[in-house]
Amino acid sequence: MEYSHIIVRYGELTLKSGNRNEFLKKLTKNIKLNLRGLKGYHIQTKRDRMYIHLDTNEYVDDILLKLKRVPGIHTFSPVLRSVLDVEKAKETIDLLLETKKDKKYKFKIQTKRPNKNFVYNTNDLNNIFGSHVLTNYSNLKVDVKKPDFIINVEVRSEGIFIFTDFIKGVGGFPVNTSSKALLLLSGGIDSPVAANMLQIKGVEVEMIHFQSPPYTSPAALEKIFKLTQKLSETVGAIKIHVVNFTKLQTEIVKRIPSNYTMTSTRRFMMKIAEQLAIKEECFAIATGESLGQVASQTLESMHCINNVTNLPVLRPLLTMDKVDIIKIATEIETYEISNLPFEDCCTIFTPKSPKTKPKLEKILEYEARDDYSSLVNEALDSIETYLVSKDGVTALNNISEEKELKEEDFSNLL
């Protein structure tokens, strides 16, 4: 059986009216990005759905797999198309049923007729096609309540489209149709999933990563680039800012009581992230925090940490269970990378008994004992910026000396 088209449905995107055309342009561009390297198709974008015309079925499985990851797609279906003729449509149904001859099945005909000029109405078509199947396939019986499969028939101006499967996409909106957010990317499981969830809602995500050499290794930074590279496969190139956090972090550990060092560390990360976010014109800071998962993710801790910034702090995973986060990480192929055994700066100085319910007045008192402004400025000045895509990593700090980084370069970054 050779599919003629893949029909793509937009879901939430249909709620957009005035700027729908711009959304559809970005969705079309993003689909082409994801299908780059594949051949034998061309895309026709219409207001209510998209048609991917298949010149060959050689790459159809790859196309279907990649469409599952594209934000803005609600569902899609590989279809067979007939001309606007009932007898030709019956022949097309026969092609669809070639794989259903091996055993007994229960089926249902489900017809839609957006083309109101077609000579037969919906009930007529259900009866015509249902009778055809029952007459020619003794192993198939009608069951409208609990069918094993549904023969979907859509009569449109372009032809009669016939299919059985609705494949679920990720939904949401096309990438970069919302404003930017700056996400704190660690080497753990959660923050890449948070980035993915924001991207699905159309948010353009830039990354900020805090490293503390020599306590964190070049391999840990390479892991961060690999995570960003994996996330870029669906949405295109991603900018990541790497902060040298060693001096500031070690001073926090020296000066702040140990049970409050984790809270203070997160607060200074947020201060630095806020200044970078403003510079990069990001309208929010985002994290991979999940409520109560660790000591720094209680409501009391979040209250103390949020206190240092006036920007909204987005936490897409806030109410999710770890098992569900791991499931998404596995689906987006970041889980195995996150599990690579390299420390990040959030774990190297973890106190034995971190405060789970820190008091804001206490942390303000501890931090007021010393002036950290020069250390914060030094951390900001240390930022190295890279553009990461599935094709590689490019250093952006000096545009005139822009260069692509290869794997052997990672050991020289610190």
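Per-chain numbering applies: the sequence of each chain, read as written, is numbered from 1 onward. Per-residue local features of the predicted model are confined to residues with pLDDT of at least 70, and side-chain atom pairs are confined, for both listing and counting, to 80 or more; whole-chain, interface and lining totals are unaffected and use all residues. Working from all heavy atoms in the structure, the side-chain values ignore hydrogens and water.

Looking at an unreviewed UniProt entry, one finds the chain named Probable tRNA sulfurtransferase and attributed to Gemelliphila palaticanis. Regarding the chain, the UniProt comment filed under Sequence similarities (unreviewed entry) reads as follows: "Belongs to the ThiI family." UniProt positions are given in the numbering used here, feature names are shortened, and annotations may be inferred rather than shown by experiment.

S.K.: Looking at this structure, I do not really get the overall build of the chain. What am I missing?
M.R.: The helix and strand inventory of the chain stands at 14 helices and 17 strands. Seen through its C-alpha atoms, the chain measures out along the principal axes to roughly 85 × 50 × 45 Å. Only protein chains enter the area calculation, which uses a 1.4 Å probe; residues under 20% of their type maximum are buried, those over 50% are exposed, and those in between are partly exposed. A buried classification covers 52% of the 414 residues belonging to the chain. Whether two residues are in contact is decided by their heavy atoms: any pair within 4.5 Å suffices. The long-range fraction of contacts in the chain, counting pairs at least 24 apart against all pairs at least 6 apart in sequence, stands at 77%. What sets the accessible areas is the Shrake-Rupley method with a 1.4 Å probe; for residues, cover comes only from the shown protein chains. In the structure as shown, the chain presents an accessible area of about 20000 Å², 49% of it carried by carbon and sulfur atoms. In this tally, Asp and Glu contribute negative charge and Lys and Arg positive charge; neither His nor the terminal groups of the chain are included. Throughout, a charge is located at the NZ atom of Lys, the CZ atom of Arg, the CG atom of Asp or the CD atom of Glu. Of note, the chain has its 57 positive side-chain charges centred 6 Å away from the centre of its 53 negative side-chain charges. Only DSSP runs of H or I covering at least 4 residues are called helices, and only runs of E covering at least 2 are called strands; the numbering of each starts at the N terminus.

S.K.: Would you mind going over the UniProt feature "binding site: ATP" (unreviewed entry) in the chain with me for this structure?
M.R.: Per the UniProt record, the feature "binding site: ATP" (unreviewed entry) sits at Leu184, Leu185, His209, Phe210, Arg266, Gly288 and Gln297. With respect to the helices, strands and loops of the structure, Leu185 is situated in the loop between strand S10 (180-184) and helix H5 (190-200). Filtering out sequence-adjacent residues up to four positions away, Leu185 remains in contact with Ser191, Pro192, Met207, Ile208, His209, Ile224, Thr228 and Ile240. Among the secondary structure elements, Arg266 is positioned in helix H8 (residues 261-279). Note on Arg266: relative accessible area 17%, which makes it buried.

S.K.: Even after reading the chapter, I still don't get the packing of aromatic side chains, so can you show me in this structure?
M.R.: How two aromatic rings sit relative to each other is given by the distance of their centres and the angle of their planes. Two rings from Phe, Tyr or Trp (for Trp, the six-membered ring) form a pair when their centres are within 6.5 Å of each other. A pair whose planes differ by under 30 degrees is stacked, one over 60 is edge-to-face, and the rest are tilted. Per the counting criterion, the structure on display carries 9 aromatic pairs. Between the aromatic rings of Phe23 and Phe173, the centroid separation amounts to 6.0 Å while the plane-to-plane angle is 80°, which identifies the pairing as edge-to-face. Of this pair, Phe23 sits in helix H1 (residues 20-34) while Phe173 sits in the loop between strand S9 (167-168) and S10, and the two are 150 residues apart along the sequence. You can call Phe23 buried: its relative accessible area is 8%. Seen from their ring centres, Phe210 and Phe245 are 5.1 Å apart, and the 65° between their planes marks the pair as edge-to-face. Of this pair, Phe210 sits in strand S11 (residues 204-211) while Phe245 sits in the loop between strand S12 (238-244) and helix H7 (246-255), and the two are 35 residues apart along the sequence. By relative accessible area, Phe210 is classed as buried at 4%.

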